[in-house]
Amino acid sequence: MKKVREDQSITELGKDVYVIDNFFTEDFITSIENYVPELKYYISAHAGWSVLENPDIPIKNWHPVLRHEMYNRGEVVDKAAVDISREIKKSISSDLYLTRMRVNVEFPLNRRPSKYDWHVDNGMYKDSNLHKISKAMVIYINTTNGYTEFKDKELGKVYSVRNRALIFPGGLEHRGVCQKDKHARFVINVNYIPWYWE
């Protein structure tokens, strides 16, 4: 992976795992910061769980996340997904087939960091060869002490830093850890398939 602007900084954490700081241009990340607080969100009981589809979730596992779907399985849900997708393509200098994009908002609930369940982001491809090439991306909109961690401890943790992107294989187990220093943590989660397989 190569940087596309001089102000970008790229760190390779492991095979196909990259952290890109100054991912978007300053003007574009500022427009996103102004846009996401005004969105309409739905509540999810936990990362990956719907409250209505899973009404018997034990209270100990309850950790609400607000979600705003932008793009899902070929359908544009929010027209801003088109602009964000275009800017992602510019920022990684690659074309891609977008499969999902959503904004997540996390809130701290207690004094200890809440850790979500380990998961992979390519579940929709598990019965095909696409799971081998799918990518996941987390774009951090604001700076908090929340982070994304990988089950593979050698990859470590990636903290939420404004305008940072984390890119990794969709089949890599990971989880989010909620912040304790801010009222809300905003991230954009993206799943895609590179147009040109790497």
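Check the entry above for the structure.
Before going into details, it helps to say that this report is about the structure given with it.

Conventions and cut-offs
- What you see as residue numbers is a count from 1 along each chain, following the sequence as written.
- Local features in this predicted model are restricted to residues whose pLDDT is 70 or higher, and side-chain atom pairs enter the listing and the counts only when it is 80 or higher, whereas totals over whole chains, interfaces and linings include all residues.
- Side-chain calculation: all heavy atoms of the structure are included, whereas hydrogens and water are not.
- The secondary structure listing takes helices from DSSP runs of H or I that are at least 4 residues long and strands from runs of E that are at least 2 residues long, numbered from the N terminus.
- Each residue is assigned to one of three classes by its accessible area relative to the maximum for its type, calculated with a 1.4 Å probe on protein chains only: buried under 20%, partly exposed between the two thresholds, exposed over 50%.
- The contact criterion used is simple: two residues touch if any of their non-hydrogen atoms lie within 4.5 Å.
- In short, Shrake-Rupley with a 1.4 Å probe defines the accessible areas, and a residue's cover is counted only from the protein chains shown.
- For Phe, Tyr and Trp, where Trp contributes only its six-membered ring, two rings pair if their centres lie within 6.5 Å, and the inter-plane angle classes them as stacked under 30 degrees, edge-to-face over 60, or tilted in between.
- Within this scheme, the nonpolar core is defined by two criteria: the residues are buried Ala, Val, Leu, Ile, Met, Phe, Trp, Tyr or Cys, and they are joined through side-chain atoms within 4.5 Å.
- Polar contact is defined as a pair of N or O atoms within 3.5 Å, subject to the rule that within protein one atom must be able to donate a hydrogen and the other to accept it, and that residues adjacent in sequence are counted only when both atoms are side-chain atoms.

1. Details of the overall build of the chain
Thought 1: Secondary structure summary: the chain contains two helices and 13 strands in total.
Thought 2: A burial count over the chain gives 47% of its 198 residues as buried.
Thought 3: Counting only contacts in the chain whose residues sit at least 6 apart along the sequence, the fraction spanning at least 24 positions is 70%.
Thought 4: Carbon and sulfur atoms provide 51% of the accessible area of the chain, an area that totals close to 10,700 Å².

2. Looking at the environment of Lys40
Thought 1: As for its placement among the helices and strands, Lys40 is situated in the loop between α1 (26-35) and β3 (42-46).
Thought 2: Considered as a pair, Lys40 and Arg67 are 27 residues apart in the sequence and their alpha carbons are 8.4 Å apart.
Thought 3: In this view, Lys40 contacts Arg67 and His68; residues no more than four positions away in its chain are not counted.

3. What to know about the packing of aromatic side chains
Thought 1: Inspection of the entire model under this criterion finds four aromatic pairs.
Thought 2: Judged by centre distance (5.1 Å) and plane angle (85 degrees), the ring pair of Phe150 and Phe168 falls under edge-to-face. Of this pair, Phe150 sits in strand β9 (residues 147-150) while Phe168 is found in strand β11 (residues 164-169), placing the two residues 18 residues apart along the sequence.
Thought 3: Taking the relative accessible area as the measure of exposure, Phe150 reaches 1% and is therefore buried.
Thought 4: Residue Phe168 is classed as buried on the basis of its relative accessible area of 0%.
Thought 5: Members of the aromatic cluster, connected to one another through ring pairs, are Phe23, Phe24 and Phe28.

4. Focus on the environment of Leu172
Thought 1: In this structure, Leu172 sits in the loop between β11 and β12 (174-177).
Thought 2: With 53 residues separating them along the chain, Leu172 and His119 place their C-alpha atoms 8.0 Å apart.
Thought 3: Setting aside its immediate chain neighbours within four residues, Leu172 contacts Val17, His119, Val120, Phe150 and Leu155.

5. Some thoughts on the nonpolar core
Thought 1: In this structure, Ile88 and Met101 are the most contacted members of the largest nonpolar core, which totals 30 residues.
Thought 2: The next biggest cluster of nonpolar side chains, apart from the first, holds eleven residues, and it includes Val138, Tyr140, Leu166 and Val187.

6. Looking at the side chain of Glu87
Thought 1: When you line up the elements, Glu87 lands in helix α2 (residues 80-92).
Thought 2: A distance of 3.2 Å separates a polar atom in the side chain of Glu87 from a polar atom in the side chain of Lys90.
Thought 3: Setting aside its immediate chain neighbours within four residues, Glu87 contacts Phe24 and Phe28.

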